[in-house]
There are 2 protein chains.
Amino acid sequence: MLGGMQDFALRVPRLIDHAAREHGRRAVVTRWADGRETRSNWAGIAADARRCAQGLERIGCRPGDRIGTLAMNHGHHLATWYGAIGMGGVIHTVNPRLFDEQLVYIVGHAADRVLFYDRAFEPIVERLRDRWPTIERYVVMDDDGRDGFRAFVDAEDGGYAWVEGPERDPCMLCYTSGTTGNPKGVLYEHRSTMLHAMAEVAPAVFDLSSRAVALPIVPMFHAAAWGLPFAGALAGATFVFSCVNEPAVLCDLMNRERVTHSAGVPTVWLGMFQHIDASGEVPRHLKLVSIGGSAAPRAMIARLMGMGVHVAHLWGMTETSPVGTAGSLPADWDEMGLEAQLDLASKQGQIPFGIELQVVDDDGGVLPRDGVSAGRLLVRGPWVVKRYFGADEDAIDAGGWFDTGDVAVLHPDGTMQITDRSKDVIKSGGEWISSVDLENAAVGCVGVAEAAAIGVPHPRWGERPLLLVMRKPDSDVSAADVLRHLGDHVAKWWLPDAVLFVDALPHTATGKLLKTALRERYRDYRLDAA
Amino acid sequence: MLGGMQDFALRVPRLIDHAAREHGRRAVVTRWADGRETRSNWAGIAADARRCAQGLERIGCRPGDRIGTLAMNHGHHLATWYGAIGMGGVIHTVNPRLFDEQLVYIVGHAADRVLFYDRAFEPIVERLRDRWPTIERYVVMDDDGRDGFRAFVDAEDGGYAWVEGPERDPCMLCYTSGTTGNPKGVLYEHRSTMLHAMAEVAPAVFDLSSRAVALPIVPMFHAAAWGLPFAGALAGATFVFSCVNEPAVLCDLMNRERVTHSAGVPTVWLGMFQHIDASGEVPRHLKLVSIGGSAAPRAMIARLMGMGVHVAHLWGMTETSPVGTAGSLPADWDEMGLEAQLDLASKQGQIPFGIELQVVDDDGGVLPRDGVSAGRLLVRGPWVVKRYFGADEDAIDAGGWFDTGDVAVLHPDGTMQITDRSKDVIKSGGEWISSVDLENAAVGCVGVAEAAAIGVPHPRWGERPLLLVMRKPDSDVSAADVLRHLGDHVAKWWLPDAVLFVDALPHTATGKLLKTALRERYRDYRLDAA
């Protein structure tokens, strides 16, 4: 041996050990569903996690077993993550918003042996218990009684050493909520989770240190709460969790606990703005708001920036752990005008070390980073899926690239901009029309509540856009009004060939437009050749 | 296969690829020794690095070979690092300030095959060329002629793919400048270097992003310039390099290039203060100054803080890549008074994820983190040495701990405070007296230029402190003055039994007090029993 450096397996329990040792007194606050508030800290979470691991082992769980949760964000959920992983198990966060058939499929596919759940989801458990034969033990997270989490962990003495093993061992399982077919499981590994956490604390992503007080609104059952429970431990951040996402509750917590970092989907902030307008109460300590799931409207970004907050778009997916890009401040940010700042902040952000992105055309040819060429977005990196859980073949191509299903443009400065989902893009005469751009422009029209653009068959152009519009209550906006408005915002050849008004638009369990259903419904809709 | 995440070897060339791809236009500025300034950027450095690797391969270098440099901080040095590593080689940064015997030993021990050097070090090369038989090729870094770096790289076409391999392959070799025995080589690995770089960009260490403009004053031949050339590429920071460290030159560069981050030993800032006092010119954009090598005096920290700069002590050593701890701002920093802030900033900082520290007594018993118990400081982690280059046995104990040779106290909040070097601590009646604390207190006495405290034999106490003082020019400070001053700053039983005045104190090549020589010189000094 020539010499060299120390061995150090990138295993997740090192995070909770570090947090307990170096940041043991930093708080982990929970506001429960019933309004109670409890305070723990990283030392307390670590102690609970160790006992949770010990309890899991006592009831017969073994390394590699999947441990399910059906729960909101709280300290017991956090301890369960680290406990299940520390026991060598795989924490599987089940999304309670899925439909019953999906819940039955996912839990069965994962073969979860234990389920930790919140009382709020008792109806789901009662309904599906008979259809979840793999689950041998149920533990109620927010119940201090005999079957509750506290009793489960307090029965142990904490004399337990984390299970060791290779860093490529699995540690977490999250299912995508696909719009077609069965959900697919992404099996995160200790190593991928650790590298992702190390990347996330960087100033260009979550900018996390022990000064941060983070309130993740994104649920822990959604793409690992974007990795915050891991990155926060690494940085020694304080956590503030809330089981309810009412704006008044969140705003009050944010001010009392001096929350500096928050993260969630755009809808959350619409609710917060209504609360601010109605109450005059504003979150006063926020410095960074990370927005993902879907794109934040420009006006939302502007309003948050006006509150002194840096707004960072996050782009990613369950398959990318989930951080793919993050909106970071460029060197010349302070010299940019507000409009230029908003232009930049409205895009999906920059590429952190580890992630590589490519935009390719239909033939797989790599498109230039010219800020114009839109194509299928491919991603690769250490925290990107290689093979779905239980799948027979890899989900990546020969070059190691995973097709995100998004259509995007890469700008010369490295900024990525999503323009559509690839299955939603409208292909008109060989050119692509972004359904998302049409929808965003349409909802800017007075009287439009929501809009969906889909491609329908056209004899000459192959496909042309059809726009489905849901009016706001009491609005009588017309098709001509909508088209006139669109004419100011998109290219002329993008204008929909027809605008139809509907009473409602279908959505997935996670609130996304269900375009597959719309395409099915309007499959036989005929546009005139023009 | 159950499923899982993508393969991704933690290899250093990924850093330069990332920087070139995502931050290609961010500048790398060099102020050369002759006053010229040149500008490149990450794309340019990457292109030079690729050609440098190609050139090294052409002249017969192979993976694993050591490539030496004897150079200051500049863009060509940076490109050589990435070129040598990208070729699969091991970059070996030779410290030109070492004595000839050490230079001969180190280059021979490393068996360097190529040496890239600055013209400023031509005298060293001329003097030692015959004693460096392993070196087959010399390249002058700052010479545009036939034997220069530009000619070396411009002879290649850049059609070169980085050498791939295991992430535990070596990539860099740095020698410690020990005060006794031969220097020892620490062989950094791709993996350790990458994890260290990922850790360094965190807000709690260097807080690096693509907004940062970094001027590392710490030389690239000293402990890998504290890892900045790697972390800066990861973050896409701009680099400003200077081959000379005159304060006027640095201050001018800092203002013209809007330098936000700098890093160096305390002495640099003493010079900068003199420049500021004389010229009125102040570095105006600095946000973070990282100070390592030795402890910054409290007054220095206070003055930098008064300039709006966050001062972060870094503690580490060549054996720790080198970051062991970094001074980060605690959550309640803004509520702390200035004196409390200075108290904290004067200590060595907090422990980043990856690093573990322990303080043990003479029997190896672990001491509490009570802010009082001083003991030998042990360290372990993924970027800590396991075995020195070419050594026959590991440098760590059975628990994986490396003995730093420092004496330290750990505080309950996780802050680490160095109190002495373990071989310098004065053992009086079973209790430890910090020689460093005595010296720091002594230099606070009017008229004292420098002071050294060593233990000398004492019939009753085993050892007692002897203080050697060098007066400032024209000062006539007396032993009684010094003792009176010390009485206000240290415990009574710490007061030196004798104060002797000397004309000069011996130093190592890197400017540290050479205590071994002093102990040797005063070995027979006899104190009275008291």
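**A short note on the interface of chain B and chain A**
Interfaces are frequently sized by the accessible area removed from exposure as the parts join.
Okay, step 1: Of the residues lining the interface, 73 residues belong to chain B; the matching set on chain A comes to 73 residues.
Okay, step 2: For the pair chain B and chain A, the two sides together bury roughly 5,700 Å², of which 54% comes from carbon and sulfur.
Okay, step 3: On the chain B side of the interface with chain A, the three residues burying the most area are M5(B), Q6(B) and F353(B), jointly 18% of the side's total.
Okay, step 4: Where chain B packs against chain A, one counts 12 salt bridges.

**Quick word on the packing of helix α7 (residues 190–200) of chain A against helix α7 (residues 190–200) of chain B**
Okay, step 1: Here α7(A) crosses α7(B) at 40°, and the two axes come no closer than 9 Å. Relative to α7(B), the element α7(A) is oriented oblique. Where α7(A) crosses over α7(B), the handedness of that crossing is left-handed. Here R191(A), L195(A), M198(A) and A199(A) of α7(A) come into contact with α7(B), specifically with R191(B), L195(B), M198(B) and A199(B).
Okay, step 2: Across the contact of α7(A) with α7(B), the residue classes break down as 6 nonpolar, no polar and 2 charged.

**Focus: the sheet that holds strand β12 (residues 261–264) of chain A**
All names here are of chain A.
Okay, step 1: As summarised here, the arrangement of the 8 strands in space is β3-β2-β11-β10-β12-β13-β14-β15, forming an open sheet in which the pairing is mixed. Only two strands of the sheet have a single neighbouring strand rather than two, namely β3 (37–41) and β15 (323–326). Sheet twist, expressed as the mean angle between neighbouring strand axes with direction ignored, is 20°.
Okay, step 2: For strand β10 (residues 213–216) and β12, the ladder comprises 3 bridges, and the chain directions are parallel. Of the residues in β12, the one forming a bridge with A214 is H261.

**Structural notes on the packing of aromatic side chains**
Okay, step 1: Enumeration according to the criterion identifies 24 aromatic pairs over all chains in this entry.
Okay, step 2: Taking 5.7 Å as the distance between ring centres and 85° as the angle between the ring planes, the aromatic pair formed by F116(B) and F152(B) counts as edge-to-face. With F116(B) in strand β6 (residues 114–117) and F152(B) in helix α6 (residues 149–154), this pair connects stretches of sequence that are 36 residues apart. For the residue pair F116(B) and F152(B), the accessibility class agrees, reading buried in each case.
Okay, step 3: Measuring from centroid to centroid gives 6.3 Å for Y160(B) and W162(B), while their planes differ by 75°, and the two rings are edge-to-face. Side by side, Y160(B) and W162(B) carry an identical accessibility label, which is buried.
Okay, step 4: For the cation-ring pair, R129(A) lies above Y138(A), with the distance from its terminal atom to the ring centre recorded as 4.4 Å.

**So, helix α12 (residues 338–345) of chain A**
All names here are of chain A.
Okay, step 1: Regarding α12, the residues found buried are Q341, L342, L344 and A345. Looking straight down α12, one finds that the buried residues subtend no more than 160° of arc, so they occupy a single side.
Okay, step 2: The inward-facing, buried residues of α12 contact α11 (298–306) and β14 (310–316).

**Examining the pairing of strand β24 (residues 462–471) of chain B**
Residue and element names in this part refer to chain B.
Okay, step 1: When strand β23 (residues 448–458) meets β24, the two strands line up antiparallel, connected through 10 bridges. Each residue of the ladder has a partner; that of G455, found in β24, is P465.
Okay, step 2: The antiparallel hairpin formed by β23 and β24 contains 3 residues in its connecting segment.
Okay, step 3: Two strands pair when backbone bridges link them, and β24 and strand β25 (residues 498–501) are joined in this way by 4 bridges, in the parallel orientation. Bridged to L468 within β25 is L500.
Okay, step 4: Each parallel crossover has a hand, and for β24 linked through helix α14 (residues 479–487) to β25 it is right-handed.

**Section: helix α8 (residues 228–235) of chain A**
Residues and elements named next belong to chain A.
Okay, step 1: Counting buried positions over the 8 residues of α8 gives 8, a clear majority of the element.
Okay, step 2: Looking at α8, one finds that the buried residues are L228, P229, F230, A231, G232, A233, L234 and A235.
Okay, step 3: Once α8 finishes, G236 follows within two positions and takes phi at roughly 75°, a positive value.

**Considerations on the sheet that holds strand β7 (residues 137–140) of chain B**
All names here are of chain B.
Okay, step 1: Taken in spatial order, the 6 strands make up an open sheet running β7-β6-β4-β5-β8-β9, and their pairing is mixed. Whereas interior strands pair on both sides, the edge strands pair on one side only; in this sheet they are β7 and β9 (185–189). Adjacent strand axes in the sheet meet at a mean angle of 20°, parallel and antiparallel pairs treated alike.
Okay, step 2: Where strand β5 (residues 90–93) and strand β8 (residues 170–175) come together, 2 bridges link them in parallel fashion. Considered in β8, the bridge of I91 is made with M172.
Okay, step 3: Each of β8 and β9 touches α7; the most contacted strand, β9, lies at about 75° to it.

**Quick word on the environment of G324(B)**
Okay, step 1: The residue G324(B) is located in strand β15 (residues 323–326) in this model.
Okay, step 2: In sequence terms G324(B) and A27(B) are 297 residues apart; their C-alpha atoms lie 29 Å from each other.

**Quick notes on the packing of helix α9 (residues 247–256) of chain A against helix α10 (residues 266–279) of chain A**
Relative placement of two packed helices is described by the angle separating their axes and the distance separating the axes.
All names here are of chain A.
Okay, step 1: One way to put it is that α9 packs onto α10 with a least axis distance of 9 Å and a crossing angle of 80°. One way to sum up the angle between α9 and α10 is to call them roughly perpendicular. Along its contact with α9, which presents P247, A248, L250, C251 and M254, the element α10 presents V268, W269, G271, M272 and H275.
Okay, step 2: Taken together, the residues of the contact of α9 with α10 break down into 8 nonpolar, 2 polar and no charged.

**Examining the pattern of salt bridges**
Okay, step 1: In this structure the tally under the stated criterion is 76 salt bridges over all chains.
Okay, step 2: A salt bridge links R131(A) to E101(A); the shortest N-O distance between them is 3.1 Å. With a gap of 30 residues between them, R131(A) in the loop between α5 (122–128) and β7 (137–140) and E101(A) in helix α4 (residues 100–110) connect regions that are remote in the sequence.
Okay, step 3: Residue classification places R131(A) among the partly exposed residues on the basis of a relative accessible area of 38%.
Okay, step 4: Looking at E101(A), the relative accessible area reads 53%, which means it is exposed.
Okay, step 5: A salt bridge links R39(B) to E257(B); the nearest nitrogen and oxygen atoms lie 2.7 Å apart. One end of the pair, R39(B), is in strand β3 (residues 37–41); the other, E257(B), is in the loop between α9 (247–256) and β12 (261–264), and 218 residues separate them in sequence.
Okay, step 6: By relative accessible area, R39(B) is classed as exposed at 56%.
Okay, step 7: Three or more residues joined by partner-sharing salt bridges are found here, namely R21(A), E22(A), E356(B), R369(B) and R380(B).

Conventions used here
- Residues numbered from 1 in each chain as written.
- Chains lettered and ligands numbered in written order.
- Predicted model: local features only at pLDDT ≥ 70, side-chain atom pairs only at ≥ 80, totals over all residues.
- Heavy atoms only, no water.
- Contact = heavy atoms within 4.5 Å.
- Buried area = accessible area lost by both parts, 1.4 Å probe.
- Salt bridge = Lys/Arg side-chain N within 4 Å of Asp/Glu carboxyl O.
- Axes fitted to C-alpha atoms, helices over the stretch in contact; angles between N-to-C directions.
- Helix = DSSP H or I, 4+ residues; strand = E, 2+ residues; numbered from the N terminus.
- Parallel < 35°, antiparallel > 145°, perpendicular 65-115°, else oblique.
- Left-handed = near helix turned anticlockwise from the far one by under 90°.
- Nonpolar A, V, L, I, M, F, W, Y, C, P; charged D, E, K, R; others polar.
- Pairing = 2+ DSSP bridges.
- Phe/Tyr/Trp six-rings, centres within 6.5 Å; stacked < 30°, edge-to-face > 60°.
- Buried < 20%, exposed > 50% of the residue type's maximum accessible area, 1.4 Å probe, protein only.
- Lys NZ or Arg CZ within 6 Å of the ring centre and 35° of its normal.
- Arc of directions from axis to C-beta.
- Right-handed = clockwise from strand over helix to strand, strands pointing away.

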